[in-house]
Amino acid sequence: MSGFSRRSRARAQLALLLGPVSLFLAIFLAGPLIIMLIYSFLAPGLYGGVEWEFYPHNFGRILGFADPEFEIFDPVYIAIFLRSLRIALTTVLITLLVCYPAAFQISRLSDRWKSFALFLITLPFFASLIVRLFIWILILKKTGFINVALSELGLIDTPLELIYTEGAVVLGMVYIFIPFMFLPVYASVEKLDWTLVRASQDLGANGFQTFRRVILPLTLPGVIAGSIIVFIPALGNFVVPAVLGGAKSLMLGNLIEQQFLAARNWPFGAALAMLVMTIVLALLFIYIRYEARRGDDAPVIR
Amino acid sequence: MAESMVRLQRACKAFPLPEGGTVTALDAIDLEVARNEFLTLLGPSGCGKTTLLHAISGFVELDDGRIFVDGEDVSDRPPHRRPVNTVFQNYALFPHMTVGQNVGYALDIARTPRTERSGRVGAALEMVGLAGLENRLPRQLSGGQQQRVALARAIIARPKLLLLDEPLSALDRKLRQSMQIELKTLQAELGISFIFVTHDQEEALTMSNRVAVLDGGSIQQIDTPRAVYNNPANAFVASFVGASNLFQGMLQSGRVMTAQGDVISTDAAAAGSARVTALLRPEQFTIANGGGNGAAAKLDIGIRQIVFTGAGYEVHGRTMNGHDVVAAIAAAQQAQVASAEISRKATLLYDPAAVHIIAGGGDRS
Ligand SMILES: Nc1ncnc2c1ncn2[C@@H]1O[C@H](COP(=O)(O)OP(=O)(O)OP(=O)(O)O)[C@@H](O)[C@H]1O
Ligand SMILES: [Mg+2]
């Protein structure tokens, strides 16, 4: 049948097109992930490495059912976990508060200024992340720019504790992730049809009602996309806390890195990583479901 | 006199141009719309129609002048506090809301109780012939249906005045004609004033109680469709509304003589001589049998083209002096048209009493 052969040919073409990337992902993403998953259920070896026996207590150490033989439950891991969540959420919130209004302003500029503003926002991508973070050390440290300036002005006697705090980590995160939030938010704000805003006012809605019922729902896809794009890497980020956070502001990323490289407890590191992965995948799953549903009925996409 | 529904007093608006200077969109407009009146704004692109509507709905702030709606000065009120609703040109339906939510929007904003709301949404949809489509999304509707939703949404809050900015321009001819009739019926049923914008003169003439012809930000003429068509106030109105043959010249003892040498007979009298424009509508002409036999009111033309229009013929010709003339000839004169087509010339007859004389030389005044 010609219909059948056309369908199977289309399938062959699809396989050819998607084949290489599927293979790549299978080897370099699914492979390591499975190894990690298996490791996270194995016992740590005495001098690194693993013992091949089923051992659920890696997760127990984090969640409260530690191996009673040689570890006690330590809430520090949950604390780090919660701190990471808190920092990531704060980062999302602040970048959103910065980017959402800015997107409206920039979308109303003339074309020339618009592209200039967009260029400025993507400018940080052209410089190394590490360099940009180290500049914040120069600004925040005890003998750094802010402290020197403030004491020169006579406003403070002793230098402020700016660096190696949770605040410094959030600052660095916001600084890094602003472009990631801005671009999706801007894309949906730019698409907003302002005659709809007029229609809303015409029908009696004041500014706040118009925002809540028309502007926000129509730009929500950008807000959600931006929040996810920022939240996921922020949750697992280890560069910013490593440079600006110090020992007190450890995040999950740093903890995982320590388990693999310093403590040489691979199964525990793998368990931590799997927990982060679970959260990220759950979020992505919800997001994809939302996008798919929106695809049926929301007109904002195109 | 009964208080009018809308009154504009010397409404002025000029927009700054990016390269400096300004463009005058409203030039001291005075306008009154009566209760339950269907007024159409007619004019070429850029003449200020949309600006005028936006001034009434509050989206354009006037530089000068006042606006009264139902006797109240609304000039300084924001759009959401004016008793006026709009049907936008591109409908502007909220894409994330269903038809029912779109139509009920104004009621939701006004916190209308749920039972009353659903009753009124149903009634409004019924009125525009869309009952049962509450749960569709706008993009699942045809253009004509979207237009009706926009209409239902705009009338549900019972505004005192409905503004319609070229609401039919996106529809095909057939749908457009049926919507014209429906709009007119709806307006009579609702008993509210409509200000309707179009640049389609046929639409303006068929739908309105009165037509306001705009050009360059000022009203050229405001009158009944019949008066605007038959007695245009100036050459702009004459040429913009309907097809027309305009002859500028000097009126002297029953004749208008153009500088090129064409002569139009008329019953109009002038003391001495005056600069005028004579208007002859295409349907005022008939084709003479034979050579016209020395009739006074005639125009000899060479035929350039004859177009069959269904109801008759459109004869395009030119006088000996080079003035283009268009005549609409009834199908009854088929034989004369045929012989004109062969001889490539014709004599057009008209009634001198029906020639409309416009004072002035045809420049807009
Ligand atoms: N926001 C604005 N800024 C600058 N100029 C404007 C603005 N809005 C309108 N104009 C100018 O004012 C004049 C009147 O515009 P308006 O939109 O009222 O025309 P219109 O009669 O509705 O035309 P159309 O039939 O094309 O819709 C035009 O010359 C237009 O260029
Ligand atoms: Mg317009």
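In what follows, the structure referred to is the one given above.
If you're wondering where the values come from, they're calculated on a predicted model, not measured in any experiment.

Caption draft 1: Molecular detail of the overall build of chain B. A count of helical and extended segments in chain B gives 10 helices and 20 strands. Principal-axis analysis of the C-alpha atoms places the extent of chain B at approximately 80 × 45 × 45 Å. Within the span of chain B, comprising 365 residues, buried residues form 50% of the whole. Counted over contacts in chain B with a minimum sequence separation of 6, partners at least 24 positions apart contribute 65%. Accessible surface computed for chain B: about 16,400 Å², of which carbon and sulfur atoms make up 49%. For chain B, the separation between the mean place of its 34 positive charges and that of its 36 negative charges on side chains is 4 Å.

Caption draft 2: How the structure looks around the pattern of salt bridges. Inspection of the entire model under this criterion finds 20 salt bridges over all chains. Ionic pairing is found between glutamate 37 of chain B and arginine 210 of chain B, a salt bridge with its closest N-O pair at 2.5 Å. Highlighted residues: glutamate 37 of chain B in the loop between strand S2 (22-33) and strand S3 (38-42) and arginine 210 of chain B in strand S9 (residues 210-215), separated in sequence by 173 residues. One salt bridge connects glutamate 116 of chain B with arginine 120 of chain B, and the closest N-O pair in it is separated by 2.9 Å. Here the residue glutamate 116 of chain B and the residue arginine 120 of chain B both occupy positions in helix H4 (residues 114-127), the gap between them amounting to 4 residues, near one helical turn. On the basis of relative accessibility, which here comes to 15%, the residue arginine 120 of chain B falls in the buried class. Via salt bridges that share partners, Arg83, Arg86 and Glu166 of chain A belong to a single interconnected network.

Caption draft 3: Highlighting the packing of aromatic side chains. Residues and elements named next belong to chain A. A complete count under the given rule lists 21 aromatic pairs over all chains for this structure. Residues phenylalanine 24 and phenylalanine 28 carry aromatic rings whose centres are separated by 5.0 Å and whose planes lie at 45° to one another, so their mutual orientation is tilted. Highlighted residues: phenylalanine 24 and phenylalanine 28, both in helix H1 (residues 2-39), separated by 4 residues, approximately one helical turn. Taking the relative accessible area as the measure of exposure, phenylalanine 28 reaches 56% and is therefore exposed.

Caption draft 4: Structural view of the site of ligand 1. All names here are of chain B. As a matter of local geometry, ligand 1 sits amid Phe15, Val23, Ala25, Ser45, Gly46, Cys47, Gly48, Lys49, Thr50, Thr51, Glu166 and His199. Serine 45 places a side-chain nitrogen or oxygen 2.4 Å from an oxygen atom of ligand 1. Within the backbone of cysteine 47, an N or O atom sits 3.2 Å from an oxygen atom of ligand 1. Burial of ligand 1 by the surrounding chains reaches 62%, relative to a free accessible area of 640 Å².

Caption draft 5: Geometry of the nonpolar core. Residues Leu244 of chain A together with Val103 and Leu162 of chain B are the most contacted members of the largest nonpolar core, which totals 105 residues. Ignoring sequence-local partners within four residues, the contact set of leucine 162 of chain B consists of Asn85, Thr86, Val87, Leu151, Ala154, Ile155, Ile192, Ser193, Phe194 and Ile195 of chain B.

Caption draft 6: Up close: the interface of chain A and chain B. Listed per partner, the contact involves 23 residues of chain A and 24 residues of chain B. Taking both sides of the interface into account, the surface hidden between chain A and chain B amounts to around 2,100 Å²; carbon and sulfur atoms contribute 62%. Its largest share of buried area at the contact with chain B, chain A owes to Asp202, Leu203 and Arg213 of chain A, together 35% of the area lost on that side. Remark: the boundary between chain A and chain B carries 0 salt bridges.

Caption draft 7: Here's a closer look at the side chain of asparagine 245 of chain B. Residue and element names in this part refer to chain B. The topology assignment puts asparagine 245 in strand S11 (residues 245-252). A distance of 2.8 Å separates a polar side-chain atom of asparagine 245 from the backbone nitrogen of valine 326. Setting aside chain neighbours within four positions, we find asparagine 245 in contact with Ala278, Leu279, Leu280, Arg281, Pro282, Phe285, Asp324, Val325 and Val326.

Caption draft 8: Quick peek at the sheet that holds strand S1 (residues 6-16) of chain B. Residues and elements named next belong to chain B. Within the open sheet, the 4 strands sit side by side as S2-S1-S4-S5. Their pairing is antiparallel. Edge positions in the open sheet fall to S2 and strand S5 (72-73), since each of these has one partner strand only. Taken together, the 8 bridges between S1 and S2 define a ladder with antiparallel strand orientation. Each bridged residue has a counterpart across the sheet, and for phenylalanine 15 the counterpart in S2 is valine 23. The strands that helix H1 (residues 49-57) touches are S1, S2 and strand S4 (64-69); relative to S2, the one it contacts most, it runs at about 65°.

Caption draft 9: Geometry of helix H5 (residues 143-155) of chain B. Helix length check: H5 of chain B, at 13 residues, gives a terminal C-alpha distance of 19 Å against a target of 18 Å (1.5 Å per residue), a fit within 8%. Of all the 13 residues making up H5 of chain B, 11 are buried; the element is thus mostly covered by neighbouring parts of the structure. On its buried face, H5 of chain B sits against helix H8 (194-202) of chain A together with strand S6 (84-87), helix H2 (99-103), H4, strand S7 (161-165) and helix H6 (173-190) of chain B.

Caption draft 10: Highlighting a nonpolar patch on the surface. Residue and element names in this part refer to chain A. Taken together, the side chains of Leu109, Trp113, Phe116, Phe119, Leu120, Leu123, Phe125, Phe126, Phe180, Leu183 and Ile229 define a hydrophobic patch exposed on the protein surface, amounting to about 1,100 Å² of accessible area. Every element with two or more residues in the nonpolar patch is listed here: helix H4 (111-122) and helix H7 (166-191). Here the nonpolar patch gets 4 residues from one element, more than from any other, and that element is H4. Judged by relative accessible area, which is 43%, leucine 120 ranks as partly exposed.

Caption draft 11: Region of the structure containing unusual backbone geometry. Unusually for a residue other than glycine, arginine 264 of chain A sits at a positive phi of about 55°. When its relative accessible area of 45% is taken as the criterion, arginine 264 of chain A is described as partly exposed. Residue alanine 28 of chain B is not a glycine yet carries a positive backbone phi of 50°. Tracing the sequence through the fold places alanine 28 of chain B in strand S2.

Caption draft 12: Geometry of the packing of H7 of chain A against helix H9 (residues 207-236) of chain A. Residue and element names in this part refer to chain A. Relative to each other, H7 and H9 sit at 155°, their axes nearing to 7 Å. Taken together, H7 and H9 sit at an angle that is classed as roughly antiparallel. Helix-helix and strand crossings are classified by hand; for H7 and H9 the assignment is right-handed. Each of Met173, Phe177, Phe180, Met181, Pro184, Val185, Ser188 and Val189 in H7 lies in contact with H9, whose residues at this interface are Thr219, Gly222, Val223, Ala225, Gly226, Ser227, Ile229, Val230, Pro233 and Ala234. When its residues are assigned to classes, the contact of H7 with H9 shows 13 nonpolar, 5 polar and no charged.

Cut-offs and rules
Residues numbered from 1 in each chain as written. Chains lettered and ligands numbered in written order. Predicted model: local features only at pLDDT ≥ 70, side-chain atom pairs only at ≥ 80, totals over all residues. Heavy atoms only, no water. Helix = DSSP H or I, 4+ residues; strand = E, 2+ residues; numbered from the N terminus. Buried < 20%, exposed > 50% of the residue type's maximum accessible area, 1.4 Å probe, protein only. Contact = heavy atoms within 4.5 Å. Areas by Shrake-Rupley, 256 points an atom, 1.4 Å probe, with all protein chains shown as cover. Lys, Arg positive; Asp, Glu negative; His and termini not counted. Charge placed at Lys NZ, Arg CZ, Asp CG, Glu CD. Salt bridge = Lys/Arg side-chain N within 4 Å of Asp/Glu carboxyl O. Phe/Tyr/Trp six-rings, centres within 6.5 Å; stacked < 30°, edge-to-face > 60°. Near = heavy atom within 4 Å. Polar contact = N/O pair within 3.5 Å; in protein donor to acceptor, adjacent residues only side chain to side chain. Core = buried A, V, L, I, M, F, W, Y, C linked by side-chain atoms within 4.5 Å. Buried area = accessible area lost by both parts, 1.4 Å probe. Pairing = 2+ DSSP bridges. Axes fitted to C-alpha atoms, helices over the stretch in contact; angles between N-to-C directions. Expected span 1.5 Å × (residues − 1). Patch = residues over 30% accessible without salt bridge, like charges linked within 9 Å, V, L, I, M, F, W, Y side chains within 5 Å. Parallel < 35°, antiparallel > 145°, perpendicular 65-115°, else oblique. Left-handed = near helix turned anticlockwise from the far one by under 90°. Nonpolar A, V, L, I, M, F, W, Y, C, P; charged D, E, K, R; others polar.

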